[in-house]
Amino acid sequence: MVVDLTKETSNGLRLEYKLVECVGPYYVEYIRNLACDNNVSLEISSPSDQSEDLVFIPDDNDDDYLRSLDPKEWKKQDHYAVLGLGELRFKASSSIVKSAYRQKVLKHHPDKRKAKGEIVNRDDDYFTCITKAWEILGDKTKRRSYDSVDPYFDDNIPSNSEISKGVFYSVFNKYFELNSQWSEKSPIPQLGGPDESRENVDRFYNFWYNFESWREYSYEDEEAKESGQDRDERRWIEKQNRAVRAKRKKEEMARIRCLVDLAYNNDPRIVKFKQDDKNKKEAQKRAKIEAARAKQEEIERVQKELEDKLRKEKEEQEAAEKAKQNALKAEREAQKRALKKEKKILRDTCKANNYFIETQNDLVKHMEYTEKLCELLSQKELESLNSEIKDGGRDVFLSKIEQLEKELQSERENHLKTVNNKQMNGQTNNSSFSWTQADINLLIKAVNLFPAGTNQRWEVVANFMNQHGKRKENTVTAREVLSKAKELQSLDDSVKAAANQKAFDNLEKRKKSTNVEVETSQRFDGPEQQAWTAEEQRLLEQALKTYPTSTPERWDRIAACVPSRSKKDCMKRYKDLVEMVKAKKAAEKSVKNK
């Protein structure tokens, strides 16, 4: 069976395609004889070749094109067009390429043309282009290299104007089929149609997202490795060529990835699958929300029932309590009204009888005691007094005033006696600790060492006294220290001055043997012998900051900054300050550790 298909090319060549099905040796011989009669080369596919071969029929009108070629520019020429395969290109089988080359040789070989009387310049003849085309297209590796940079291959991807919902499949089918020729793997999955299953769609995009291309760019190497003069130069050339190929390969894979991304983002099936997934997630989310809402409603219902029950019980308790409070309030109001009534009766009675006075000098006194009786006596006592005054008159009123006056005088005397006892007896609130003069001196020292504002001040003072006191078996507490300090503060000025002076004298004697400076208490306004003034202290502190320890003749310079003090005084004051800070930190640390 033979089917003829004829096609006219753009350069005037006529290609005839014949689909041949072999049915026996005699038929094959017939076809061969037919081809020889028509000066046509014919090849029949072997079982290992393609099932369908194309028969190449040359066109005699390609002479002008071949003669226009420059053999020196062979790398820029279209080798398929040189052999007359410009339309088939990469689709042409190896047998068709071989057949086309043979026909070109038979027609354009210099010997053939010279026999026809044509003048041939062998050094610059276009026949070299034919042999170069066969050298490249006849070798599988070199043909792959040339096909990779085929100038007629469309490296573009669909533009935005080409992409629309109606023509998605036709547009992208064309582009994917065109780029599938570079695939290392087979079979190549198809894009399919709108009814394709999700599994097939995922397989298609997984294949193209992991696409492995055999396309390479060695044909466009700027310099051939063989042109190197020695091994090192050839290696350098090859290194440069590999770098350029890798760059172009990277750009090619980016183009393929861009094509796949464009298809994936515009694929209506992917949009549908994503919408289905979104709907499924939303349905699951709604179901979960509904379940949580139902559970929350049940919890709220149970909680509301419990709250209603508790609220009712609380309301009943509040109602009972309110009724009780109302009854108590009514009772108190009644008592107030009764008390107010009795007070009014007493005042009216006294006023009506001119406060039971004999002379005007007693009027203010009787009016005052009338108010005191109203304030101090209860309702029943006022009621009894009003009844007695009503029966006894002036004598009862004067007797009650005299009795009240005696009671108030007795209370005043008892209060003054208690206050005097507390002031005169220093051990009233410190029965557990007997204060000696040394303890009082140490207290004065501690109060000045830890001024107001110190954290846990009285605990720190008590701890300081317990650490530096001589009596270890009996310790003083913060409460006892505070009470004794208040007691000393309430003493007369002469007593405070004497105590401060005595404390100063004792501490001056012990200054050589102790590490803690004892100063006269500014809290108790005592005298101070050669004490450092605030201005001297400020000058000393400023000088210590100005001249650090690394300064030569440091203390001479510091003493010069404090005119009223000698070098020895400045050094002694600095040492005392250091000891004070150490003692203060030790006392505070002990309190914190407790």
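Residues numbered from 1 in each chain as written. Predicted model: local features only at pLDDT ≥ 70, side-chain atom pairs only at ≥ 80, totals over all residues. Heavy atoms only, no water.

Chemist: Help me understand the state of the cysteines in this model?
Modeler: Two cysteines joined by a covalent bond between their sulfur atoms form a disulfide. In the structure shown here, the tally under the stated rule is zero disulfides. Unpaired in this structure, Cys 561 has its nearest cysteine sulfur neighbour in Cys 570, at a distance of 8.9 Å. Relative accessible area serves as the criterion here: at 31%, Cys 561 is assigned to the partly exposed category. (Disulfide = S-S within 2.5 Å. Buried < 20%, exposed > 50% of the residue type's maximum accessible area, 1.4 Å probe, protein only.)

Chemist: Just to check I follow, could you spell out the packing of aromatic side chains for this structure?
Modeler: When we look at a pair of aromatic rings, we describe it by the centre distance and by the angle of the planes. Applying the stated rule across the entire model yields 19 aromatic pairs. Taken together, the ring pairs in this structure connect Phe 168, Tyr 169, Phe 172, Phe 176, Phe 204, Tyr 205, Phe 207, Trp 208, Tyr 209, Phe 211 and Tyr 264 into an aromatic cluster. Taking NZ or CZ as reference, Lys 132 lies 4.2 Å from the ring centre of Trp 74, over its face. (Phe/Tyr/Trp six-rings, centres within 6.5 Å; stacked < 30°, edge-to-face > 60°. Lys NZ or Arg CZ within 6 Å of the ring centre and 35° of its normal.)

Chemist: When you look at the packing of helix H9 (residues 198–209) against helix H10 (residues 231–266) in this model, what are you seeing that I'm missing?
Modeler: Any two packed helices are characterised by how steeply their axes cross, that is the angle between the axes, and by the distance between the axes. Between H9 and H10, whose axes approach to 9 Å, the crossing angle comes to 160°. Considering their axes alone, H9 and H10 lie roughly antiparallel with respect to each other. The handedness of the crossing between H9 and H10 comes out as left-handed. Residues Tyr 205, Trp 208 and Tyr 209 of H9 touch H10, and the partners they reach there are Ile 256, Arg 257, Val 260, Asp 261, Ala 263 and Tyr 264. Counted by class, the contact of H9 with H10 contains seven nonpolar, no polar and two charged residues. (Axes fitted to C-alpha atoms, helices over the stretch in contact; angles between N-to-C directions. Helix = DSSP H or I, 4+ residues; strand = E, 2+ residues; numbered from the N terminus. Parallel < 35°, antiparallel > 145°, perpendicular 65-115°, else oblique. Left-handed = near helix turned anticlockwise from the far one by under 90°. Contact = heavy atoms within 4.5 Å. Nonpolar A, V, L, I, M, F, W, Y, C, P; charged D, E, K, R; others polar.)

Chemist: Would you mind showing me how to read the confidence of the model for the protein chain here?
Modeler: Detailed reading of the predicted coordinates is not advisable wherever pLDDT falls low. Per-residue pLDDT for the protein chain has a mean of 78; in total, 77% of the residues score no lower than 70. No element of the protein chain has a lower mean pLDDT than strand E1 (residues 2–8), which averages 48, and none a higher one than H9, which averages 92. Counted against residues more than four places away or in other chains, residues 1–5, with its pLDDT under 50, gives 16 contacts. Note that pLDDT drops below 50 for residues 512–529; the model gives that stretch 46 contacts with residues more than four away or on any other chain. (pLDDT = per-residue confidence, 0-100.)

Chemist: Would you take a moment to explain the pattern of salt bridges for this structure?
Modeler: Scanning all chains against the criterion turns up 36 salt bridges. With a shortest N-O distance of 2.8 Å, Asp 267 and Arg 269 are connected by a salt bridge. A relative accessible area of 0% means that Asp 267 is categorised as buried. Through salt bridges that share partners, Arg 67, Arg 113, Glu 118 and Asp 125 make up one connected network. (Salt bridge = Lys/Arg side-chain N within 4 Å of Asp/Glu carboxyl O.)

Chemist: Just to check I follow, could you spell out helix H15 (residues 437–449) for this structure?
Modeler: Think of an α-helix as turning once every 3.6 residues; residues three or four places apart then point the same way. Spanning 13 residues, H15 covers 18 Å between terminal C-alpha atoms, matching the ideal 18 Å at 1.5 Å per step. Of all the residues in H15, the buried ones are Asp 439, Ile 440, Asn 441, Leu 442, Leu 443, Ile 444, Lys 445, Ala 446, Val 447 and Leu 449. (Expected span 1.5 Å × (residues − 1).)

Chemist: Even after reading the chapter, I still don't get helix H4 (residues 94–108), so can you show me in this structure?
Modeler: Compared with the 21 Å implied by 1.5 Å per residue over 15 residues, the 21 Å span of H4 between its first and last C-alpha is a close match. When we look at burial in H4, the residues that qualify are Ser 95, Ile 96, Val 97, Ser 99, Ala 100, Tyr 101, Gln 103, Lys 104, Val 105 and His 108. Buried residues in H4 make contact with helix H2 (63–67), helix H3 (79–82), helix H5 (110–115), helix H6 (127–137) and helix H7 (140–148).

Chemist: Just checking my understanding: could you explain the packing of H4 against H6 for this structure?
Modeler: Running from N to C, H4 and H6 point in directions that differ by 165°, and their axes come no closer than 11 Å. Viewed along their axes, H4 and H6 adopt a mutual orientation that is roughly antiparallel. Regarding H4 and H6, the two cross each other, and that crossing is left-handed. Here H4 contributes Val 97, Lys 98, Tyr 101, Lys 104, Val 105 and His 108 to the contact with H6, which in turn contributes Phe 127, Ile 130, Thr 131, Trp 134 and Leu 137. Residue classes in the contact of H4 with H6 are distributed as seven nonpolar, two polar and two charged.

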